[in-house]
Amino acid sequence: MTMWVFGYGSLLWNPGFPVARREIATLQGYARSFCMSSVHHRGTEEKPGLVLALDEVAGAHCTGLALAVENGAETETLDYLRERELISSAYVERDLEVELQTGDLVTAVTYVIDPHHVQYCGGMSLEEQARIIAHAVGGRGPNTEYLYNTASHLAEIGLNDEDLDWLAGRVRQITA
């Protein structure tokens, strides 16, 4: 049985595990947004950045990639993802059903935000998000890099995200 992982942010361009197959997929009931304060990877405790998370929203959907883990690499992949994604308890690991572009349904390991966690910051205006992203830097580099890479990789696979595109343009203006 194939292990699937749903990628909607940095997993699109930096999965960090052996991927056998990539399929465009949609997850119902969640919206991709910069609703998680980042105090490790893209910011610090003193100057938090923002990272994408899946925020549960009735009627929403998020299109990203279903990543099939190479056969035999499931255990090491899950260990790696838990170390990477669960660095704080802001993300919650869920096995959720996603629909592949082919119409097939698969269960994918998916990381969603805990809206009760201190790092949750949903509802922030795009302008405020842009100001934070423009200046934050964390252990994995500048917050701008995270935004630009995610927006460009979504565009490469034909999945432009209007909010991310707007943010990328606005952050470039702020940092110019």
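Residues numbered from 1 in each chain as written. Predicted model: local features only at pLDDT ≥ 70, side-chain atom pairs only at ≥ 80, totals over all residues. Heavy atoms only, no water.

Caption draft 1: Spotlight on the pattern of salt bridges. Counted by the stated rule, this structure contains seven salt bridges. A salt bridge links Arg-32 to Asp-161; the shortest N-O distance between them is 3.1 Å. On the criterion of sequence distance, the pair formed by Arg-32 in strand β2 (residues 19-38) and Asp-161 in the loop between α3 (143-156) and α4 (162-175) is long-range, its members being 129 residues apart. Since its relative accessible area comes to 14%, Arg-32 is described here as buried. In this structure, the salt-bridge partner of Glu-85 is Arg-84, at a minimum N-O distance of 3.0 Å. Look at Glu-85 and you get buried, because its relative accessible area is 9%. (Salt bridge = Lys/Arg side-chain N within 4 Å of Asp/Glu carboxyl O. Helix = DSSP H or I, 4+ residues; strand = E, 2+ residues; numbered from the N terminus. Buried < 20%, exposed > 50% of the residue type's maximum accessible area, 1.4 Å probe, protein only.)

Caption draft 2: Main features of the packing of aromatic side chains. Counted according to the given criterion, the structure contains three aromatic pairs. Considering the side-chain rings of Trp-13 and Tyr-146, the 6.4 Å spacing of their centres and the 70° angle between planes classify their relative orientation as edge-to-face. Within this pair, whereas Trp-13 is found in the loop between β1 (4-7) and β2, its partner Tyr-146 is found in helix α3, the two being separated by 133 residues in sequence. The pair formed by Trp-13 and Tyr-146 is uniform in burial state, with each residue classed as buried. Seen in terms of ring centroids, Phe-34 and Tyr-146 are 6.0 Å apart; in terms of plane orientation they differ by 70°. Their pairing is edge-to-face. Placement of Phe-34 in strand β2 and of Tyr-146 in helix α3 is noted, with a sequence separation of 112 residues between them. The two residues Phe-34 and Tyr-146 agree in class, both being buried. A connected cluster of aromatic rings, assembled from ring pairs, spans Trp-13, Phe-34 and Tyr-146. The ring of Tyr-148 is capped by Arg-172, whose NZ or CZ atom sits 4.0 Å from the centre of that ring. (Phe/Tyr/Trp six-rings, centres within 6.5 Å; stacked < 30°, edge-to-face > 60°. Lys NZ or Arg CZ within 6 Å of the ring centre and 35° of its normal.)

Caption draft 3: Just the pairing of β1, in detail. What you see with β1 is no split at all: Trp-4 and Phe-6 on one side and Val-5 and Gly-7 on the other are buried throughout. Here β1 pairs with strand β3 (residues 49-69) via four bridges, running antiparallel. When the sheet's bridge partners are listed, Gly-7 is paired in β3 with Leu-65. Pairing between β1 and strand β5 (residues 105-113): two bridges, direction parallel. (Pairing = 2+ DSSP bridges.)

Caption draft 4: Region of interest: the side chain of Asp-55. Along the chain, the position of Asp-55 falls in strand β3. Despite its burial, Asp-55 pairs with no opposite charge, the nearest such side chain being Arg-94 at 11 Å. Reaching out from Asp-55, the side chain makes a polar contact with the side chain of Tyr-120 at a distance of 2.7 Å. Not counting residues within four places of it along the chain, the set of residues in contact with Asp-55 comprises Gly-29, Tyr-30, Ala-31, Ser-33, Cys-35, Ile-113 and Tyr-120. (Lys, Arg positive; Asp, Glu negative; His and termini not counted. Polar contact = N/O pair within 3.5 Å; in protein donor to acceptor, adjacent residues only side chain to side chain. Contact = heavy atoms within 4.5 Å.)

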